[in-house]
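Descriptive analysis of the structure
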Amino acid sequence: MDFTFTEEQQAAAEAARGVFAGVAPDAVPSPALTPGAVADEFDRPLWSRLAAADLLSLLLTDEYGGAGLDAVALCLVLRESAKVLARVPLLESGAATAAVQAYGDPELKAGLLARAGRGEVVLTVAAHGRTGHDPAELAATARQDDSGWVLDGVQTAVPWAYDADLVVVPARTAADRTVLALVAPGAEGVSLGEQFSTSGERLAELRLESVRLAERNVIDTEGAWEWLRELLATGTCALALGLGERVLGMTSEYATKREQFGYPIATFQAVAVQSADRYIDLRAMEATLWQAAWRIASGASGSLPASGDVAVAKIWASEGVRRVVQTAQHLHGGFGADVDYPLHRYHAWAKHLELALGPAAAHEEALGDLLAAHPLG
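Let me begin by describing the structure that accompanies this report.

The rules behind each value
- Residues numbered from 1 in each chain as written.
- Predicted model: local features only at pLDDT ≥ 70, side-chain atom pairs only at ≥ 80, totals over all residues.
- Heavy atoms only, no water.
- Phe/Tyr/Trp six-rings, centres within 6.5 Å; stacked < 30°, edge-to-face > 60°.
- Helix = DSSP H or I, 4+ residues; strand = E, 2+ residues; numbered from the N terminus.
- Buried < 20%, exposed > 50% of the residue type's maximum accessible area, 1.4 Å probe, protein only.
- Lys NZ or Arg CZ within 6 Å of the ring centre and 35° of its normal.
- Core = buried A, V, L, I, M, F, W, Y, C linked by side-chain atoms within 4.5 Å.
- Salt bridge = Lys/Arg side-chain N within 4 Å of Asp/Glu carboxyl O.
- Contact = heavy atoms within 4.5 Å.
- Expected span 1.5 Å × (residues − 1).
- Polar contact = N/O pair within 3.5 Å; in protein donor to acceptor, adjacent residues only side chain to side chain.
- Pairing = 2+ DSSP bridges.
- Disulfide = S-S within 2.5 Å.

1. Quick look at the packing of aromatic side chains
Note on aromatic pairs: each is described by the distance of the centres and the angle between the planes. All told, the structure shown has 6 aromatic pairs when counted by the stated rule. Judged by centre distance (6.1 Å) and plane angle (85°), the ring pair of F42 and W160 falls under edge-to-face. Placement of the pair is F42 in the loop between α1 (7-20) and α2 (44-52) and W160 in the loop between β3 (148-159) and β4 (166-172), with a sequence separation of 118 residues. Judged by relative accessible area, which is 9%, W160 ranks as buried. Taken together, the aromatic side chains of F42, W47 and W160 make up a single cluster linked through ring pairs. Of note, R283 hangs over the ring of Y279, and the distance from its end group to the ring centre comes to 4.9 Å.

Dropping the structure here:
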């Protein structure tokens, strides 16, 4: 197995590091001190810089002004974004545009993709279902009539919905198939209810009541939602990895400066062992992430479907990011809870990512089902 990145993938990561270099993780009020949202919208100036650096069109082909790269490149950029807690819908918009490109109607692609790659149109995805614990495709229904499609249902915790131009909504048909509907938040029959993430970002409960859509705005290709769902999950694992790496770096810097009994605490065996354990977590998160991203990018076959690799990556990311931030808080002592120091922000974002990924036990069960259905050997 070769995890060496291509020159193009490395160039995308380097460009991302350049764009994110000036981003402060504490540029908005602390979620610990803010009863509502920490900001009215996402970081629009940063979004413009990402567009100027061609990082919003990574997965788009040359026909739509993109670089024609893959899920691995997107995850490399997401990893860098999480290190500074970048407040942009990079994952959601990037994954949604990639799904439109792969499965959408030619008219839809022609009118949407180039503009999305330039940052002029923002997309997000309703991927958490009605409660956050049930399958998203079962939270809304879609039916056809003579004028197109009609959608009803409720999706919870939709990120960036108040700022997005279109929300990609998975919905179930009477034939037990999942379609992807591109819904404008301001369309007739659509309403948004405020919700808030642990990170202090504004989410939305999306309600659909007899929302009518034209045929071109609904993707009914088999496998489109499954592919998009796996790309979103893998991208979330990339965010967890980047966040965890930065947190462990902060902890290392602190432990080498903080002294007790006349010695840096980094020299204490208990501190070193805990830090080493978290380093191992991060390396496992990294290996499983690139395996999942590679399966999605290459479409390569394996003993299990790609969903098996995604499940393994989610198991490590969900558990690993929690362990990393908890150890960081422990080793920082009371300083880790200081709202003038950014560690508490990383902890809040880590909790959001952990909740978005879901419990490791559920992914272990799903992996067990795949192993039962696809016996190895």
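So much for the structure itself; the text now carries on.
2. Structural notes on the nonpolar core
Grouped together as the largest cluster of nonpolar side chains are 88 residues, with contacts concentrated most on F20, L50, L123, L182, L228 and L243. Top contributing element to this core by residue count: helix α6 (residues 224-257), with 15 residues. Core analysis: the next-biggest nonpolar cluster, separate from the first, contains 20 residues, V183, V190, L208 and V211 among them.

3. Quick word on the pattern of salt bridges
What the rule picks out here adds up to 27 salt bridges. Note that R79 and E286 form a salt bridge whose closest N and O atoms lie 3.2 Å from each other. Here the residue R79 occupies a position in helix α3 (residues 71-83), and E286 occupies one in helix α7 (residues 269-298), the gap between them amounting to 207 residues. The burial state of R79 is the same as that of E286; both residues are buried. Residues joined in a network through salt bridges with shared partners are E14, R17, R79, E80, K83, E245, R283 and E286.

4. Here's the deal with the environment of L371
Within the secondary structure, L371 sits in helix α10 (residues 360-373). For L371, a relative accessible area of 36% translates into the label partly exposed. Residues L371 and V19 lie 352 residues apart in sequence; the distance between their C-alpha atoms is 42 Å. Sequence-distant contacts of L371, that is, excluding residues within four places in its chain, are made with L304 and L376.

5. Let's talk about α6
The end-to-end C-alpha distance of α6 is 50 Å, a good match for the 50 Å that 34 residues give at a rise of 1.5 Å each. Taking burial as the measure, the 34 residues of α6 include 25 buried ones, the bulk of the element.

6. Structural notes on the side chain of Q101
Note that Q101 resides in helix α4 (residues 90-103). Of note is the side chain of Q101, whose polar atom sits 2.8 Å from the backbone nitrogen of T61.

7. Overview of the environment of A306
Secondary-structure assignment places A306 in helix α8 (residues 306-332). On the accessibility criterion, A306 (18% relative accessible area) is buried. Separated by 31 residues in sequence, A306 and S275 place their C-alpha atoms 32 Å apart. Excluding anything up to four places from it in sequence, A306 contacts E230 and R295.

8. Points about the pairing of strand β2 (residues 140-145)
The side chains of a regular strand alternate, first on one face of the sheet and then on the other. Note: β2 against β3, 6 bridges, orientation antiparallel. When the bridges of β3 are listed, A142 appears paired with L151. Once β2 ends, the chain turns through 2 residues before running back antiparallel as β3.

9. Quick word on the pairing of strand β5 (residues 178-183)
Burial analysis of β5 places 6 of its 6 residues in the buried class, which makes it a mostly covered element. Across the two faces of β5 the burial is the same, with T178, L180 and L182 and V179, A181 and V183 all buried. Note that β4 and β5 share 6 bridges and pair antiparallel. Of the residues in β5, the one forming a bridge with A171 is V179. With antiparallel pairing between neighbouring strands as the criterion, β4 and β5 make up a hairpin whose turn holds 5 residues, including D176 at a positive phi of roughly 65°. Where β5 and strand β8 (residues 218-219) come together, 2 bridges link them in antiparallel fashion.

10. What to know about the state of the cysteines
In total, this model carries 0 disulfides according to the counting rule given. The thiol of C75 is unpaired, and the distance to the nearest cysteine sulfur, on C237, comes to 8.2 Å. With relative accessibility at 3%, the residue C237 sits in the buried group.

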